[in-house]
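Chains, contacts and geometry: an overview
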Amino acid sequence: TMQHSLETRRKRLRYRTSHTGTRETDILLGGFVMEYGDSLDAEATGALEDLLDGANDPEILDWMTGRNPLPERFRNGTMARLLEYVRERTGS
């Protein structure tokens, strides 16, 4: 992914996170990317790409909503921000 510009990667991320196949994931993950997408740096963009490449929608949804703990490999500042965003939206 590094050969693409950050802008291209952000655009792709916006598309992918609003077409995950799970409506709740689209709303929460897609909403996060819509809100912060333009300010995501290369590291944050990479963290979200890694999440999408390394997990499926039900897993991501369970992690975002706290049904299951986030695996060690996905624990980073970007995911912490995402989980905080989800908590604010869902009140959980």
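Residues numbered from 1 in each chain as written. Predicted model: local features only at pLDDT ≥ 70, side-chain atom pairs only at ≥ 80, totals over all residues. Heavy atoms only, no water.

1. Some details on the environment of E35
Structurally, E35 can be placed in helix 2 (residues 23-36). Expressed as a C-alpha distance, the spacing of E35 and L13, which sit 22 residues apart in the sequence, is 12 Å. If near-sequence neighbours (up to four positions away) are discounted, E35 is found in contact with Y85 and R89. (Helix = DSSP H or I, 4+ residues; strand = E, 2+ residues; numbered from the N terminus. Contact = heavy atoms within 4.5 Å.)

2. Structural notes on helix 1 (residues 6-17)
For helix 1, built from twelve residues, the straight-helix expectation of 16 Å at 1.5 Å per residue is met to within 8% by its first-to-last C-alpha distance of 16 Å. Those residues of helix 1 that are buried are in contact with helix 2 and helix 3 (42-54). (Expected span 1.5 Å × (residues − 1).)

3. Quick look at the nonpolar core
Counting residues in each nonpolar core, the largest one holds 22 residues, and the members touching the most others are L29, L48, L51, I60, W63, M64 and L82. Secondary structure elements with two or more residues in this core: helix 2, helix 3, helix 4 (57-64) and helix 5 (77-90). Broken down by element, the residue count for this core peaks at five residues, all from helix 5. Setting aside residues up to four positions removed in sequence, M64 forms contacts with T25, L28, L29, L82, L83 and V86. (Core = buried A, V, L, I, M, F, W, Y, C linked by side-chain atoms within 4.5 Å. Buried < 20%, exposed > 50% of the residue type's maximum accessible area, 1.4 Å probe, protein only.)

4. A few points about the pattern of salt bridges
One side chain can pair with another of opposite charge once the charged atoms of both are near each other. Scanning all chains against the criterion turns up eleven salt bridges. We note a salt bridge from R14 to D38, for which the minimum N-O separation is 3.1 Å. Placement of R14 in helix 1 and of D38 in the loop between helix 2 and helix 3 is noted, with a sequence separation of 24 residues between them. Among the salt bridges present, the one from R89 reaches E35, with a minimum N-O distance of 3.3 Å. Pair noted here: R89 is in helix 5 and E35 is in helix 2, with a separation of 54 residues, a long-range link. (Salt bridge = Lys/Arg side-chain N within 4 Å of Asp/Glu carboxyl O.)

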